[in-house]
Amino acid sequence: ANHCWNRSHASDAQTPPAPPRTMSSTADLIAANIKTTPVDKRFPTTNQANHCWNRFNEWVMCLKKTDGDDAACKPMRQLAVSICPNIWVEKWDEEREEGNFAGVQYKG
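In what follows, the accompanying structure is described. (Residues numbered from 1 in each chain as written. Predicted model: local features only at pLDDT ≥ 70, side-chain atom pairs only at ≥ 80, totals over all residues. Heavy atoms only, no water.)

Below, the discussion takes up helix H4 (residues 86-98). In an α-helix, one turn spans 3.6 residues; hence positions three or four apart end up facing the same way. Its 13 residues place the ends of H4 18 Å apart at the C-alpha level, agreeing with the 18 Å of an ideal helix rising 1.5 Å per residue. For H4, the full list of buried residues reads Val89, Trp92, Asp93, Glu95 and Arg96. For H4, the buried positions fall inside an angular range of 165° around the axis, keeping them on one side. Structural note: H4 exposes Asn86, Ile87, Glu97 and Glu98 on the side pointing more than 90 degrees away from its buried face. (Helix = DSSP H or I, 4+ residues; strand = E, 2+ residues; numbered from the N terminus. Expected span 1.5 Å × (residues − 1). Buried < 20%, exposed > 50% of the residue type's maximum accessible area, 1.4 Å probe, protein only. Arc of directions from axis to C-beta.)

Set out below in structure tokens:
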């Protein structure tokens, strides 16, 4: 069967594409407002693993310095989360809880 547009056979006509989605869901709104960590001249290469590691440890150092003030250190946490793979952050959070994290030590 030929499915080209034909006004005499409207049932054979293909549906026109849907209009672009608008940002209506909460996930879309959150995604639109996520900001990543700024460029850091200490890490000029494409591989950002060291940048991620440093951002995560800078967050832990903030917690240590502020005696565990999560609100004060939230921007630091966001910088780490924005550049690190989720699986790394989850692993490091678990390691911190278990007391075997290889980075900066702080138990709040």
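As a further point, take the packing of helix H2 (residues 49-65) against H4. Closest axis-to-axis distance for the H2/H4 pair is 12 Å, and the angle between their directions is 40°. One finds that H2 runs oblique with respect to H4. For the pair H2 and H4, the crossing hand works out as right-handed. Here H2 contributes Ala49, Cys52, Trp53, Phe56, Trp59, Val60 and Leu63 to the contact with H4, which in turn contributes Trp88, Val89, Trp92, Asp93 and Arg96. Residues belonging to the contact of H2 with H4 are distributed by class as follows: ten nonpolar, no polar and two charged. (Axes fitted to C-alpha atoms, helices over the stretch in contact; angles between N-to-C directions. Parallel < 35°, antiparallel > 145°, perpendicular 65-115°, else oblique. Left-handed = near helix turned anticlockwise from the far one by under 90°. Contact = heavy atoms within 4.5 Å. Nonpolar A, V, L, I, M, F, W, Y, C, P; charged D, E, K, R; others polar.)

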